Amino acid sequence: MMATRVRERKSPRQERSKVMVEAILEAASQVFAELGYARATTNKIAERAGVSVGSLYQYFPNKQAIVRQIWENYTTVIDEVLAAELEKLQSRPDEQTAVLVVDRIVDTLVEYNRSNPAFAEIKRCVDATPELRRL
């Protein structure tokens, strides 16, 4: 069985390319939230993003590659918050700081999930795909 390609084809270098990739990722999140991963298509994602499907394929070979990038963006945000909060705890390792750090981490996770309705669908897709689950 052939491994599914889940990496980007190329990285955007110019500002307009970066804007296009962000539009694709935002559109994909919306489409995944509305239709679910199984019913979402690259054509629907490209249409929602206002780009041609060929432009989408320049950066992402398939839906899994889009999911991977959305997931990596999510984990980057969460990693940054965790690192900043844990640094506070290291500098002041007392119970009050620990409670504040845990509250901030939980609040960040809850807010991210609330403001990103596709997260649950993306998480299900990551969990169901061996290549993505290793992330």
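Bear in mind the structure is a predicted one, so any value in this text is a computation, not a measurement.

J.: Tell me about the overall build of the chain, and please be specific about residues and values.
T.: Along the chain, the regular secondary structure elements total seven helices and zero strands. Element order for the chain, N to C, with α for helix and β for strand: α-α-α-α-α-α-α. If one aligns the C-alpha atoms of the chain with their principal axes, the spans along those axes are about 55 × 35 × 30 Å. Burial status across the chain gives 38% buried among its 135 residues. Long-range pairs, those at least 24 residues apart, make up 66% of the contacts in the chain between residues at least 6 apart in sequence. Working note: accessible area of the chain is about 8,500 Å², and carbon and sulfur atoms make up 53% of it. Here the chain contributes 20 positive and 19 negative side-chain charges, whose respective centroids are spaced 10 Å apart.

J.: Hey, could you go over the packing of helix 4 (residues 63–91) against helix 5 (residues 95–115) for me, with residue numbers and the actual values?
T.: In contact at an axis separation of 9 Å, helix 4 and helix 5 are set at 170° when each is read in the N-to-C sense. Considered as vectors, helix 4 and helix 5 are oriented roughly antiparallel to each other. The element helix 4 and its partner helix 5 pack so that their crossing is right-handed. Residues Tyr 74, Val 77, Ile 78, Val 81, Leu 82, Glu 85, Lys 88 and Leu 89 of helix 4 pack against Thr 97, Ala 98, Val 101, Arg 104, Ile 105, Thr 108, Leu 109 and Tyr 112 of helix 5.

J.: Describe the layout of surface pockets, naming the residues involved and giving the relevant values.
T.: Think of a ball as big as a water molecule: rolled over the atoms, this probe shows where empty space is left. Its volume calculated, the largest pocket comes out at about 180 Å³. If you trace the largest pocket, you find it lined by Glu 22, Leu 25, Glu 26, Ser 29, Ile 70, Asn 73, Tyr 74, Tyr 112, Asn 116, Ala 118, Phe 119 and Ile 122. Broken down by secondary-structure element, the contributors of at least two residues to the lining of the largest pocket are helix 1 (15–35), helix 4 and helix 6 (119–128). The element that contributes the greatest number of residues to the lining of the largest pocket is helix 1, accounting for four residues. Among the residues making up the lining of the largest pocket, the classes are represented as seven nonpolar, three polar and two charged.

J.: If you had to explain the packing of aromatic side chains to someone new, which residues and values would you point to?
T.: Enumeration over the complete set of coordinates arrives at five aromatic pairs. Here Trp 71 and Tyr 74 contribute two aromatic rings whose centre-to-centre distance is 5.3 Å and whose plane-to-plane angle is 35°, an arrangement assigned as tilted. With Trp 71 and Tyr 74 both in helix 4, this residue pair falls three residues apart, about one helical turn. Of the two residues, Trp 71 and Tyr 74, neither departs from the other in class, the shared state being buried. Ring geometry for Tyr 74 against Tyr 112: centres 4.6 Å apart, planes inclined by 55°, an arrangement best described as tilted. Taken together, the residues Tyr 74 in helix 4 and Tyr 112 in helix 5 connect sequence positions 38 residues apart. Using a relative accessible area of 9% as the deciding quantity, one classes Tyr 74 as buried.

Reading the values: the criteria
- Residues numbered from 1 in each chain as written.
- Predicted model: local features only at pLDDT ≥ 70, side-chain atom pairs only at ≥ 80, totals over all residues.
- Heavy atoms only, no water.
- Helix = DSSP H or I, 4+ residues; strand = E, 2+ residues; numbered from the N terminus.
- Buried < 20%, exposed > 50% of the residue type's maximum accessible area, 1.4 Å probe, protein only.
- Contact = heavy atoms within 4.5 Å.
- Areas by Shrake-Rupley, 256 points an atom, 1.4 Å probe, with all protein chains shown as cover.
- Lys, Arg positive; Asp, Glu negative; His and termini not counted.
- Charge placed at Lys NZ, Arg CZ, Asp CG, Glu CD.
- Axes fitted to C-alpha atoms, helices over the stretch in contact; angles between N-to-C directions.
- Parallel < 35°, antiparallel > 145°, perpendicular 65-115°, else oblique.
- Left-handed = near helix turned anticlockwise from the far one by under 90°.
- 1 Å grid on protein atoms, 1.4 Å probe; cavity = no way out; pocket = protein on both sides within 12 Å on 5 of 7 lines; lining within 4 Å.
- Points joined across faces, edges and corners; volume = space filled by probe spheres on them.
- Nonpolar A, V, L, I, M, F, W, Y, C, P; charged D, E, K, R; others polar.
- Phe/Tyr/Trp six-rings, centres within 6.5 Å; stacked < 30°, edge-to-face > 60°.

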